[in-house]
Amino acid sequence: MGRTPEFFVDQDLCTECGDCIKAIPQAFRKTDGEEVAEVFNADLEETFMPKVQQIMTDCPGKAILWKKA
Ligand code: SF4
């Protein structure tokens, strides 16, 4: 089973809506003591790809980005 490419939250762009945490709690959480989201686990099975791409599109701040290799 393949894995998703790595992705991250640009916290300067995050509007703190929490949608990514609701959509994929396996990958996103609130940063300690703050409302902005962070990725705590970017190593997901390939089957998560549609969900990751969907939340990237839906994120109001366009803050979820692929990590460039
Ligand atoms: S969906 Fe986007 S704006 Fe909303 S909490 Fe997640 S990263 Fe931040």
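The coordinates are above.
Residues numbered from 1 in each chain as written. Predicted model: local features only at pLDDT ≥ 70, side-chain atom pairs only at ≥ 80, totals over all residues.

Novice: Which residues make up the overall build of the protein chain, and what values go with them?
Specialist: Regarding its fold elements, the protein chain presents two helices and four strands. Going from N to C terminus, the protein chain has its helices and strands arranged as β-α-β-β-α-β. Over its C-alpha trace the protein chain gives a radius of gyration of 11 Å, about what one expects of a compact globule, namely 11 Å for 69 residues. With respect to the three principal axes, the spread of C-alpha positions in the protein chain is 35 × 25 × 20 Å. Residues counted as buried form 16% of the 69 residues belonging to the protein chain. If you take every contact in the protein chain between residues at least 6 apart in sequence, the share linking residues at least 24 apart comes to 69%. (Helix = DSSP H or I, 4+ residues; strand = E, 2+ residues; numbered from the N terminus. Rg over C-alpha atoms; globule rule 2.2 N^0.38 Å. Buried ≥ 20, exposed ≤ 12 C-beta atoms within 10 Å, placed from the backbone. Contact = placed C-beta atoms within 7 Å.)

Novice: Can you lay out the site of the ligand for me, pointing to particular residues and giving the numbers?
Specialist: Around the ligand, the surrounding shell holds 14 residues, and the nearest of these are C14, C17, C20, A37 and C59. Its residues placed into classes, the shell around the ligand shows nine nonpolar, three polar and two charged. (Near = placed C-beta within 6 Å. Nonpolar A, V, L, I, M, F, W, Y, C, P; charged D, E, K, R; others polar.)

Novice: Provide a residue-level description of the nonpolar core, including the pertinent values.
Specialist: In this structure, V9, C14, C20, A27, F28, A37, V52, I55, C59, A63 and I64 together form the largest nonpolar core, which totals eleven residues. Dropping the residues within four chain positions of it, C59 is found in contact with D19, C20 and I64. (Core = buried A, V, L, I, M, F, W, Y, C linked by C-beta atoms within 7 Å.)

Novice: If you had to explain the environment of I21 to someone new, which residues and values would you point to?
Specialist: By secondary structure assignment, the location of I21 is in helix 1 (residues 19-23). Apart from residues lying up to four places away in sequence, I21 is in contact with F28, R29, K30 and A37.

Novice: Now, about the environment of K62: what can you tell me, with residues and values included?
Specialist: Tracing the chain through its elements places K62 in the loop between helix 2 (49-58) and strand 4 (64-66). Taking C-alpha positions, K62 is 12 Å from C17, a pair spaced 45 residues apart along the chain.

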